[in-house]
Amino acid sequence: MKRAIGTMALCAAFLACASPAPAQAARPAKGKLKIAVAVKGSPTRGVTLRCNPDGGTHPHAKEACDVLRKYKGDLSAMHVPKTNSCGDEVQPYAVVIKGTWGGKKVEWSKGYRNACVMKAAGGALLS
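For the structure given in this document, a descriptive report is provided here. (Residues numbered from 1 in each chain as written. Predicted model: local features only at pLDDT ≥ 70, side-chain atom pairs only at ≥ 80, totals over all residues. Heavy atoms only, no water.)

## As for the sheet that holds strand S3 (residues 93-101)
Next, step 1: Read from one edge to the other, the open sheet built from four strands follows the order S2-S1-S3-S4, with strand pairing classed as antiparallel. Lying at the two open borders of the sheet, with one neighbouring strand each, are strand S2 (45-51) and strand S4 (104-112). Averaged over all adjacent pairs, the angle separating strand axes in this sheet is 15°, with direction ignored.
Next, step 2: Sheet analysis places strand S1 (residues 31-39) next to S2, joined by seven bridges and oriented antiparallel. Across the sheet, residue Gly31 finds its bridge partner in S2, namely Cys51.
Next, step 3: This element, helix H2 (residues 61-70), spans S1, S2 and S3 of the sheet and lies at about 70° to S2. (Pairing = 2+ DSSP bridges. Helix = DSSP H or I, 4+ residues; strand = E, 2+ residues; numbered from the N terminus. Axes fitted to C-alpha atoms, helices over the stretch in contact; angles between N-to-C directions. Contact = heavy atoms within 4.5 Å.)

What follows is the structure, given as structure tokens:
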């Protein structure tokens, strides 16, 4: 009887100390995008961007991918902060981004009043 009680106490102590199995970490979303930026009177610039692993021809690939990760690939969530210090200069920029993010098709485009506003909205992604 003492042996059974000891065994039960040992099992209870073991179960109390056991931690739950670690949750399987979510895999980061992979992305492969083409980004084109056009400004009136200048040639269109284009870069490629790969995320997870980060790379491509984008000059700031890691930071650009960080922007995408922040918004979970939802480019429509990018907005110009109300506290931006961009002036009223008008030199329109147009941005087109196409590709995939997390296995889903991405097709996004937007126009901006000037380069400052564009960078305020998209950070390193649109720099």
